[in-house]
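Geometric and topological summary
Now for the letters of each chain:
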Amino acid sequence: MLVPRTPHQPDRPAWDCLACGEPWPCAPGKVELAEQGVVHRRSLRLYLESCVIDMIDDRADGHHTSGRDDAIYDRILGWLDASQSDPADRATRRAG
Ligand SMILES: [Zn+2]
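Along each chain, residue indices are assigned from 1 in the same order as the chain's sequence is written. The predicted nature of this model means local features are confined to residues of pLDDT at least 70 and side-chain atom pairs, given and counted, to a pLDDT of 80 or more, with totals for whole chains, interfaces and linings taken over all residues.

Looking only at helices and strands, the protein chain features four helices and two strands. Note on conventions: DSSP H or I runs of at least 4 residues are helices, E runs of at least 2 residues are strands, and numbering of each starts at the N terminus. Secondary structure elements of the protein chain occur, N-terminal to C-terminal, as β-β-α-α-α-α. Buried means a residue has 20 or more other C-beta atoms within 10 Å of its own C-beta, exposed means 12 or fewer, and partly exposed covers the counts in between; C-beta atoms are placed from the backbone. Evaluated residue by residue, the protein chain yields a buried proportion of 16% over its 96 residues. Counting contacts in the protein chain only where the partners sit at least 6 residues apart, residues at least 24 apart contribute 52% of the total. Contact between two residues is assigned when their C-beta atoms, built from the backbone, lie within 7 Å.

With that settled, consider the nonpolar core. When buried Ala, Val, Leu, Ile, Met, Phe, Trp, Tyr and Cys residues are joined through C-beta atoms within 7 Å, the set is termed a nonpolar core. W15, C17, W24, L33, L44, L48, C51, M55 and I76 together form the largest nonpolar core, which totals nine residues. Top contributing element to this core by residue count: helix 2 (residues 41-60), with four residues. The residues touching M55, leaving out its near neighbours within four places in the chain, are W15, T65, I72 and I76.

This part covers helix 2. One turn of an α-helix holds 3.6 residues; hence residues three or four places apart share an orientation. Helix span, as expected, comes to 1.5 Å for every residue beyond the first. For helix 2, with 20 residues, the first-to-last C-alpha span of 28 Å sits near the 28 Å given by 1.5 Å per residue. On its buried face, helix 2 is in contact with strand 1 (10-11), helix 1 (27-37) and helix 3 (72-83). One or two positions beyond helix 2, positive phi appears at G62, with a value near 95°.

With that settled, consider the confidence of the model for the protein chain. In low-pLDDT regions, the fine details of the predicted coordinates are not to be read closely. Residues of the protein chain with pLDDT of at least 70 account for 83%, and the chain-wide mean is 84. Residue-level confidence of the predictor, termed pLDDT, takes values from 0 up to 100. Model confidence for the protein chain, summarised as mean pLDDT per element, is weakest for helix 4 (residues 87-95) at 52 and strongest for strand 2 (residues 16-17) at 96.

This part covers unusual backbone geometry. Residue P13 follows R12 across a cis peptide bond; omega there is 5°. Along the chain, P13 turns up in the loop between strand 1 and strand 2. With omega at 0°, the peptide bond leading from W24 into P25 counts as cis. Its place among the elements puts P25 in the loop between strand 2 and helix 1. Here the phi dihedral of W15 falls at roughly 65°; this positive angle occurs in a residue that is not glycine. Along the chain, the position of W15 falls in the loop between strand 1 and strand 2. In this structure W15 comes out as buried when scored by C-beta crowding, with 23 C-beta atoms within 10 Å.

Take a look at the structure:
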């Protein structure tokens, strides 16, 4: 699995950014994740999907996390879908 090389990592269980304190993934974190996702997009998606599950787990365990319960998927993965612009990758996902 891709291990993102960025200081903008989630601070569990609050899920705010360790580097800038914004709700993760923060704007600079998304930029750095997207740059690495150009090469490893499937790995980036797997990583973010695992983060969605971890965040849901943290909430289920009673931790207070930033943001709304019903927006976890959009928050962590929605921006990636919106940023995907590689035609070859879109074709692969249609076929898959
Ligand atoms: Zn950050």
